[in-house]
Amino acid sequence: MTGLRPPPLDRIPSTLSCLADYESLARERLDDGAWAHVAGAAADGLTAQRNREAFDRLTVRPRILRDVAGGATAVTLLGRRLAHPVLLAPIAYQRLFHPDGERATAMAAEAVDAVMVVSTLASETLEAIAQAGGAGQRWFQLYWQGDRAATLALCERAQAAGCEALVLTVDSPVTAFRNDLRRAGFRLPDGVSAANLPDGRMPPPGGAGRHPVFDGAMAAAPRWADVAWLCGAQPLPVLVKGVLHPDDAAEAVALGCAGVVVSNHGGRTLDGTPASIEALPAVAAGVAGRGAVLLDGGVRRGTDILKARALGADAVLIGRPATMALAAAGALGVAHAVKLLVEELAVAMALCGLASLDDAGPELLG
Ligand SMILES: Cc1cc2nc3c(=O)[nH]c(=O)nc-3n(C[C@H](O)[C@H](O)[C@H](O)COP(=O)(O)O)c2cc1C
């Protein structure tokens, strides 16, 4: 441990006043490879860019002179009341960005009441993360482990370490074209590996067939029947992450999932998809109140959260901003980034005359 302590949130320099301010600090701290890993995107980066532009195209219309006394940013998610709707997205190999890695993020999450979604590719053990995270709420992001037995064993370990929900990521069964990573010559440094997987890495694809994609990686990927099985094989609620089509959302909840995460992996897998905020309304309609709807991709401001709520999201996750804050200032940075976003949300709510996020509907936009 490198001296983990609760973040002293009152001692932040005023130059760090919004999430974007962490970016330049993170750039200074990271080498070219780690920087490309966090800041980059698949292929031409069209989806990553679109995630932001689509948020910026939306406008919120304030309502004035309303009484918002007693207001709060609280939301209900999977039957639990949360102080605010900002979750920490699953981020692989956090020791790439800070020596305290996922333990720092877990500590920050507890300090600012944010749910932390721990990646299958975490570079710290689930048990060490649980210890650092104390009473904080954690979920586990699941990458399919090639077969049901290995997948279930990993889920059981996550549950034993206190994770309260599973987020099955399904949008990246094959490695994307990360031209930026290749150009930067990125490889995982010694000492950083997937600490919760045998041999520190994902199981190698079978590859028995002729084609490395269709008969290799895709042969080891989960299908809908596996999703249904997972919902019944263990007690934790399951959310599917990487949903952009309403029919897939409807299928997920029909099979027993507790919800979906509208996501294009921050534009890091298939380039050229809709922005997640563009896909949200139809996906929410596909869920039709039968489960939770979360969104990630491009959330950078409190008003982005309002926009997402207005279009049907229960909560949002942040990926890159939290990672850059981790790189810049460890647990303190992550906690501060969440705090900034929640403060922005409260101000945006007040300026829109909203005392509760339950009242943020489509009429807020325009
Ligand atoms: C460095 C990095 C690593 C990531 N690792 C994972 C992962 O292990 N599992 C996963 O489901 N998503 C992963 N993601 C995607 C995020 O969970 C999230 O979908 C995305 O970052 C949201 O977009 P944003 O970065 O614009 O907030 C990763 C993203 C980044 C930036």
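Residues numbered from 1 in each chain as written. Predicted model: local features only at pLDDT ≥ 70, side-chain atom pairs only at ≥ 80, totals over all residues. Heavy atoms only, no water.

S.K.: Help me understand the nonpolar core, please; the structure alone is not making it clear to me.
M.R.: A general feature of soluble globular proteins is that nonpolar side chains tend to end up buried together. Counting 114 residues, the largest nonpolar core has W139, L294, L295 and L306 as its most contacted members. When residues of this core are assigned to their parent elements, the largest contribution, 16 residues, is made by helix α13 (residues 320-351). Look past the residues within four positions of L306 in its chain and what remains in contact with it is L345, A348, M349, C352, L354, L357, A360 and L364. (Core = buried A, V, L, I, M, F, W, Y, C linked by side-chain atoms within 4.5 Å. Buried < 20%, exposed > 50% of the residue type's maximum accessible area, 1.4 Å probe, protein only. Helix = DSSP H or I, 4+ residues; strand = E, 2+ residues; numbered from the N terminus. Contact = heavy atoms within 4.5 Å.)

S.K.: Help me understand the UniProt feature "binding site: glyoxylate" (unreviewed entry) in the protein in this model?
M.R.: Annotation from UniProt places "binding site: glyoxylate" (unreviewed entry) at Y143, R178, S263, H265 and R268. With respect to the element layout, S263 can be found in the loop between β8 (259-262) and α11 (276-287). Note on S263: relative accessible area 1%, which makes it buried. Here H265 falls in the buried class, since its relative accessible area comes to 16%. In contact with H265, other than residues within four places in its own chain, are Y143, T169, D171, S172 and K241. (UniProt positions renumbered as here; feature names shortened; annotations may be inferred.)

S.K.: Sorry if this is basic, but what is going on with the packing of helix α12 (residues 302-310) against α13 here?
M.R.: When two helices pack together, you describe them by how their axes are tilted relative to each other and by the distance separating the axes. Contact pair α12 / α13: the axes reach a minimum separation of 7 Å and the direction vectors enclose 65°. Our pair here, α12 against α13, has a crossing hand that is right-handed. Listed contacts from α13 to G302, T303, I305 and L306 of α12 are L341, E344, L345, A348 and M349. Per-class residue counts for the contact of α12 with α13 are 6 nonpolar, 2 polar and 1 charged. (Axes fitted to C-alpha atoms, helices over the stretch in contact; angles between N-to-C directions. Left-handed = near helix turned anticlockwise from the far one by under 90°. Nonpolar A, V, L, I, M, F, W, Y, C, P; charged D, E, K, R; others polar.)

S.K.: Where do I start with the packing of aromatic side chains in this structure?
M.R.: What describes a pair of aromatic rings is the distance from one ring centre to the other and the angle between the planes of the rings. The final tally for this structure, using the stated rule, is 1 aromatic pair. With a centroid separation of 5.8 Å and 85° between ring planes, the pair formed by W144 and W229 is classed as edge-to-face. With W144 in the loop between β5 (138-142) and α6 (148-160) and W229 in helix α9 (residues 224-233), this pair connects stretches of sequence that are 85 residues apart. Residue class for W144 comes out buried when judged on its relative accessible area of 8%. (Phe/Tyr/Trp six-rings, centres within 6.5 Å; stacked < 30°, edge-to-face > 60°.)

S.K.: When you look at the pattern of salt bridges in this model, what are you seeing that I'm missing?
M.R.: The tally for this structure, following the rule as stated, stands at 14 salt bridges. A salt bridge links E124 to R103; its shortest N-O distance comes to 3.2 Å. Of the two residues, E124 sits in the loop between β4 (116-118) and α5 (126-133) while R103 sits in helix α4 (residues 101-111), which places them 21 residues apart along the sequence. As far as the burial class goes, E124 and R103 line up, both buried. (Salt bridge = Lys/Arg side-chain N within 4 Å of Asp/Glu carboxyl O.)

S.K.: Mind showing me how you'd approach the pairing of strand β7 (residues 238-243) here?
M.R.: Looking along a regular strand, one sees the side chains alternate between the two faces of the sheet. Within β7, 6 of the 6 residues are buried, which leaves it mostly tucked inside the rest of the structure. Both strand β6 (residues 163-169) and β7 contribute to a ladder of 4 bridges, which runs parallel. Bridging across to β7, L166 finds its partner in V238. Of the pairings in the sheet, the one linking β7 to β8 comprises 4 bridges and is parallel in character. From the neighbouring strand, V240 faces β8, where its bridge partner is V260. (Pairing = 2+ DSSP bridges.)

S.K.: Would you mind going over the pairing of β8 with me for this structure?
M.R.: Neither face of β8 is open: one carries G259 and V261, the other V260 and V262, and all of them are buried. Handedness of the crossover is the feature at issue here: the chain leaves β7, passes through helix α10 (residues 246-254), returns alongside β8, and the resulting connection is right-handed. (Right-handed = clockwise from strand over helix to strand, strands pointing away.)

S.K.: Whenever I open this one, the packing of α10 against α11 confuses me. Can you help?
M.R.: Running from N to C, α10 and α11 cross one another at 30°; their axes reach a closest spacing of 7 Å. Taken together, the axes of α10 and α11 are roughly parallel relative to one another. In the crossing of α10 with α11, the sense of the turn from one axis to the other is right-handed. On the side of α10, the interface is formed by P246, A249, A250 and V253, while α11 contributes A282, V283, G286 and V287. Of the residues in the contact of α10 with α11, the class split is 7 nonpolar, 1 polar and no charged. (Parallel < 35°, antiparallel > 145°, perpendicular 65-115°, else oblique.)

S.K.: How should I be thinking about the site of the ligand in this particular structure?
M.R.: The ligand sits among 23 residues. The nearest are P90, S119, T169, D296 and R300. Measuring from a nitrogen atom of the ligand, one finds a side-chain N or O atom of Q141 at 3.2 Å. Considering the ligand on its own, with 610 Å² of exposed area, one finds that the protein chains cover 98% of that surface. Counting residues per element, the ones that place at least two in the shell around the ligand are α2 (32-39) and α13. Of the residues assigned to the shell around the ligand, the class counts are 8 nonpolar, 10 polar and 5 charged. (Near = heavy atom within 4 Å. Polar contact = N/O pair within 3.5 Å; in protein donor to acceptor, adjacent residues only side chain to side chain. Areas by Shrake-Rupley, 256 points an atom, 1.4 Å probe, with all protein chains shown as cover.)

S.K.: Looking at this model, I keep getting lost on the UniProt feature "active site" (unreviewed entry) in the protein. Mind explaining?
M.R.: Following the UniProt record, one finds the feature "active site" (unreviewed entry) at H265. Locating H265 in the fold gives a position in the loop between β8 and α11. Of note is the side chain of H265, whose polar atom sits 2.7 Å from the side chain of D171.

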